[in-house]
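Listed here are the chains, written in short residue letters.
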Amino acid sequence: MRTLVLGGIRSGKSRWAEQAIAESLPPGQAVRYLAADPAGQADPDWARRVAQHRGRRPAHWSTVETDDIATELRQSPATPTLVDDLGGWLTCTMDRQQAWEDGSVAAPVQEMVDAVGGFGSTLVLVSPEVGLALVPATASGRRFADELGSLNQRVAAVCDRVVLVVAGQPLSIKPPGA
């Protein structure tokens with residue numbers, strides 16, 4: 001089962017995703033947590049948020065901080081995995097592809113969609129939903145919103161389930177089997 005979990009900033013989407021994957025597996029089952037952390041974050045508030053996320057994870061989960069999610073998914077397609085989050089991954093990808101103004105993220109996005117679609121175990125992906133956060137005031141911000149909206153739509157198409165989390169409450173957008 002592949003599940004995409006969407007929500008606004010501080011909506012509870014990560015916490016819900018962590019609970020959902022843990023409840024879907026036998027107790028004590030190992031989970032690989034792929035943290036798509038934008039590199040070079042020196043912001044103390046960001047570091048505090050990351051620490052809160054780490055503190056919630058069970059000790060038997062492994063954490064891989066990477067901006068190459070597609071490769072990680074292809075390398076271990078049988079390991080239950082949680083990806084948090086696609087917005088961070090897209091930020092790193094746009095930096096790497098120089099896509100804030102004129103570069104393209106088409107190839108890495110296709111790689112990501114293919115890796116998600118081909119994943120063979122339980123997979124939960126977290127992503128911010130466009131329009132539930134700040135309205136971009138800059139061209140690069142609007143570009144990010146456009147790319148994230150497209151990425152979310154493409155990933156949702158290959159997922160078995162899509163959930164929107166609002167105020168910590170899950171709303172089923174695409175139930176399993178739909």
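Chains are numbered independently. Their residues run from 1 in the order of the written sequence. At least 70 in pLDDT is required for a residue's local features to be given in this predicted model, at least 80 for side-chain atom pairs to be given and counted, and no such filter applies to totals for whole chains, interfaces and linings, which use all residues. Each side-chain value is worked out from all heavy atoms of the structure, with water and hydrogens disregarded.

K.L.:
Sorry, what's going on with the overall build of the chain here?
P.N.:
For the purposes of this entry, the term helix denotes a DSSP run of H or I that reaches at least four residues, the term strand denotes a run of E that reaches at least two, and both are numbered from the N terminus. Per the secondary structure count, the chain includes six helices and seven strands. Written out in order from the N terminus, the α and β elements of the chain read β-α-β-α-β-α-β-α-α-β-α-β-β. Throughout, radius of gyration means the C-alpha value; the globule benchmark is 2.2 Å times the number of residues raised to the power 0.38. In summary, the chain has a C-alpha radius of gyration of 15 Å against a globular reference of 16 Å for 178 residues, a match within 12%. For the C-alpha atoms alone, the extent of the chain along its principal axes is close to 45 × 35 × 30 Å. The buried label goes to any residue with under 20% of its type's maximum accessible area, the exposed label to any with over 50%, and the partly exposed label to all in between, with areas taken from a 1.4 Å probe on protein chains only. Every one of the 178 residues in the chain was classed for burial, and the buried ones make up 45%. For the chain, contacts bridging at least 24 residues in sequence account for 78% of all contacts bridging at least 6. Summing over all exposed atoms, the chain offers an accessible surface of approximately 8900 Å²; the carbon and sulfur share of this is 53%. Contact between two residues is taken to exist if any of their heavy atoms lie within 4.5 Å; hydrogens are not considered. The Shrake-Rupley method, run with a 1.4 Å probe sphere, supplies the accessible areas, and residue values consider only the shown protein chains as cover.

K.L.:
Which parts of the structure should I look at to understand the sheet that holds strand β7 (residues 169-174)?
P.N.:
Any two strands between which DSSP finds at least two bridges are classified as paired. One open sheet holds the seven strands; their spatial order is β3-β2-β4-β5-β1-β6-β7, and the pairing between them is mixed. Each of the sheet's edge strands pairs with one partner strand only, and the pair in question is β3 (62-65) and β7. With direction set aside, neighbouring strand axes in the sheet form an average angle of 20°. Relative to strand β6 (residues 161-166), strand β1 (residues 2-7) runs parallel, the two being bridged by five bridges. Here, axes are lines fitted to C-alpha atoms. For helices the fit covers the stretch in contact, and angles between N-to-C directions go from 0 to 180 degrees.

K.L.:
Just checking my understanding: could you explain the environment of Ala115 for this structure?
P.N.:
Inspection of the secondary structure puts Ala115 in helix α5 (residues 106-117). Spatially, the C-alpha atoms of Ala115 and Ile21 are 19 Å apart, while their sequence positions differ by 94 residues. Leaving out residues up to four positions away in the same chain, Ala115 has contacts with Ala70, Leu73 and Arg74.

K.L.:
Would you take a moment to explain unusual backbone geometry for this structure?
P.N.:
When glycine is set aside, most residues are seen to have a negative phi, and most peptide bonds are trans. The omega angle of the peptide bond from Asp84 to Asp85 is 0°, so this bond is cis rather than trans. When you line up the elements, Asp85 lands in the loop between β4 (81-84) and α4 (86-96). The phi dihedral of Gln98 falls on the positive side, at around 50°, and the residue is not glycine. By relative accessible area, which is 61% here, Gln98 ends up exposed. With a phi angle near 50°, Ala167 is a residue other than glycine that sits in the positive phi range.

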